[in-house]
Amino acid sequence: MRIIVLGGGIIGVTTAYFLAKEGHEVEVIERQAGLALDASSGNAGLIGPGHSYSWASPAAPKMLLQSLRGAETAIRVRLRPDPELVRWGLRFLAECPTSRSERNTLIKLRLCQYSQKLLNEVSAEEKIDYRQTYGGILFLYRDEADLETANYKAKLMREHGQEQEVLDAAATVAHEPALAAARDKFAGAVHEPAGSSGDCEIFTNRLASRCEELGVRIRRGAAVHRFDCDSSQIHGAVIDGETLRADAYVIALGVDSAALARTAGYRLPVYPAKGYSVTFPIREEHNPPTAGGVDEGTLVAWSNFGDRLRMSSTAEFSGYDRSWADQDFSNIMKMAKDLMPDAADYSAGQYRACLRPMTPGGPPVIGWGRHRNLLFNTGHGHMGWTMACGSARLAADLIERKQPEIDMTGMDVPT
């Protein structure tokens, strides 16, 4: 079967890989000159199923209200005349009650656990070095009340197969000596032993090379404008001056998925959440963290990539604008110097913003659309790196008409 995968980020490339392994003729279309240049290269680098909590939670409305009043919250909104944001935002608020939030969290957790297992298998089989570390992940809490709440949340994770342990401050420092200078600034942490980290951009490009060895064609610098379709079938994907024909099409375009889907009559609930990240060089004199983690007070995350330290934060709903200003990184810089003052060269950071494709509840959209040859694999939000291999395997199973290995309830394509 000839299959066109639209999108050359981590989701598109892993999808192409699993399809090629099944023997399909695959072509990947990527609008940028290189692969994995948006959310795939600007993420925190964490691979942590235990951080699958839905952003649409009982705490989110208060955080958004504080943001509108000017506070620098981890989740914030910049009001603008945008009907798409209003529609998405109303759906987000509808997912915030406890029952909905817990349901969405467990859907995400199920996919993340499955995906991490596949990532480890693929990287071992293909011998891909992506600066990975396997020392677990720390979720750091500043005060005792928050740590107590975290213990309750960790119980939910443990009940669903995700090992987590609560550490006091002394045990946290023993596990991560880079935090020793800040010993009195936090109450403790939740440690997830199975958590890992790695450079998503490196993994994507090295897997893409393997895809090409398997016969996958990858077109870079080719923008997809619309679908040529009727009410039941996609007849082609229109790119610059050409219509590409295939037996099946996979939308894996991240934040651009909704715009392309509209050309076939879909209102896809995927909206960009801008995230900010900085990558700092690690030199011989520095004391970097040995593994990844998240400061739960600021939602600043970090990962050690060997010679570089990545830090990332914020979910800002402000449209499709990728611009940034120095103040957008103030929470990252404050956290870095507060908790790990000697971890890296903070004067030589590489700054960037990226757009994460968010659904209102958090679970991605994976499945067939109304058109019998159009498959969706998009909307992974801040968990795209963790979810990628599992999502790709599910997409390949659907195309192969195989029974997926996990329950896909809650990842449905909206009608």
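Below, the structure is looked at part by part. Numbering of residues starts from 1 in every chain and runs along the sequence as written. Predicted model: local features are reported for residues with pLDDT of at least 70 only, side-chain atom pairs are reported and counted for 80 or more only, and whole-chain, interface and lining totals are derived from all residues. With hydrogens and water stripped out, all remaining heavy atoms of the structure feed into the side-chain values.

**Section: the packing of helix 1 (residues 10–21) against helix 8 (residues 200–213)**
Stage number 1. Packing of helix 1 against helix 8 leaves a shortest axis separation of 9 Å and a crossing angle of 30°. Here helix 1 is positioned roughly parallel relative to helix 8, judged by the angle of their axes. Between helix 1 and helix 8 lies a crossing of left-handed hand. When helix 1 is examined against helix 8, the residues Ile-10, Val-13, Thr-14, Ala-16 and Tyr-17 are found in contact with a partner set consisting of Cys-200, Phe-203, Thr-204, Leu-207, Ala-208, Arg-210 and Cys-211. Every angle, taken between N-to-C directions, lies between 0 and 180 degrees, and every axis is a line fitted to C-alpha atoms, over only the stretch in contact when it is a helix. Secondary structure counts use DSSP, requiring at least four H or I residues in a row for a helix and at least two E residues in a row for a strand, with both numbered from the N terminus. Note that the term roughly parallel is reserved for angles under 35 degrees, roughly antiparallel for angles over 145, roughly perpendicular for angles of 65 to 115, and oblique for everything else. By the definition used in this description, the sense in which the near helix is turned from the far one sets the handedness, with an anticlockwise turn below a right angle giving left-handed and a clockwise turn giving right-handed. In this description, contact between two residues means that some pair of their heavy atoms is separated by no more than 4.5 Å.

**Re a negative patch on the surface**
Stage number 1. A contiguous patch of negative charge, built from Asp-143, Glu-144, Asp-146, Glu-148 and Asp-168, is present on the exposed surface.
Stage number 2. It is helix 6 (residues 144–159) that contributes the most residues to the negative patch, three residues altogether.
Stage number 3. Structurally, the position occupied by Asp-143 is in the loop between strand 5 (137–141) and helix 6. Only residues whose relative accessible area exceeds 30% and that form no salt bridge are eligible for patches; like-charged ones are grouped when within 9 Å, while nonpolar side chains (Val, Leu, Ile, Met, Phe, Trp, Tyr) are grouped when within 5 Å. The Shrake-Rupley method, run with a 1.4 Å probe sphere, supplies the accessible areas, and residue values consider only the shown protein chains as cover. Criterion for a salt bridge: a side-chain nitrogen of Lys or Arg within 4 Å of a carboxyl oxygen of Asp or Glu. When charges are counted, Lys and Arg are positive and Asp and Glu negative, with His and the chain ends excluded. Where a charge lies is defined by one atom per residue type: Lys uses NZ, Arg uses CZ, Asp uses CG and Glu uses CD.

**A short note on helix 3 (residues 60–68)**
Stage number 1. Those residues of helix 3 not exposed but buried are Ala-60, Leu-64 and Ser-67. In a view along the axis of helix 3, the buried residues occupy a sector of 55°, so they form one face of it.
Stage number 2. Contact partners of the buried residues in helix 3: strand 4 (75–77) and helix 4 (83–94).
Stage number 3. The positive-phi residue at the C-terminal boundary of helix 3 is Gly-70, with phi of around 105°. Three exposure classes are used, based on accessible area relative to the maximum for each residue type with a 1.4 Å probe and protein chains only: buried under 20%, partly exposed in between, and exposed over 50%. This arc describes the spread of directions from the helix axis toward the C-beta atoms.

**Description of the side chain of Ser-41**
Stage number 1. Tracing the chain through its elements places Ser-41 in helix 2 (residues 39–42).
Stage number 2. The exposure class assigned to Ser-41 is buried, which follows from its relative accessible area of 4%.
Stage number 3. Throughout this description, a polar contact denotes any pair of N or O atoms lying within 3.5 Å of each other; where both atoms belong to protein, one of them has to be capable of donating a hydrogen while the other can accept it, and for residues adjacent in sequence the pair is counted only when both atoms sit in side chains. Within the structure, Ser-41 has its side chain in polar contact with the side chain of Arg-352 (distance 2.7 Å).
Stage number 4. Other than its neighbours up to four places away in sequence, Ser-41 contacts Ala-36, Glu-201, Arg-310 and Arg-352.

**Details of the environment of Val-216**
Stage number 1. Tracing the chain through its elements places Val-216 in the loop between helix 8 and strand 9 (217–220).
Stage number 2. Residue Val-216 is classed as buried on the basis of its relative accessible area of 5%.
Stage number 3. On a C-alpha basis, the gap between Val-216 and Ala-20 in space is 6.8 Å, while along the polypeptide they are 196 residues apart.

**Describing unusual backbone geometry**
Stage number 1. At Ala-36, a position not held by glycine, the phi torsion is positive, near 60°.
Stage number 2. Take Ala-36: it is sitting in the loop between strand 2 (25–30) and helix 2.
Stage number 3. Of note, the phi angle at Arg-131 is positive, near 60°, even though the residue is not glycine.
Stage number 4. Considering the arrangement of structural elements, one finds Arg-131 in the loop between helix 5 (98–126) and strand 5.

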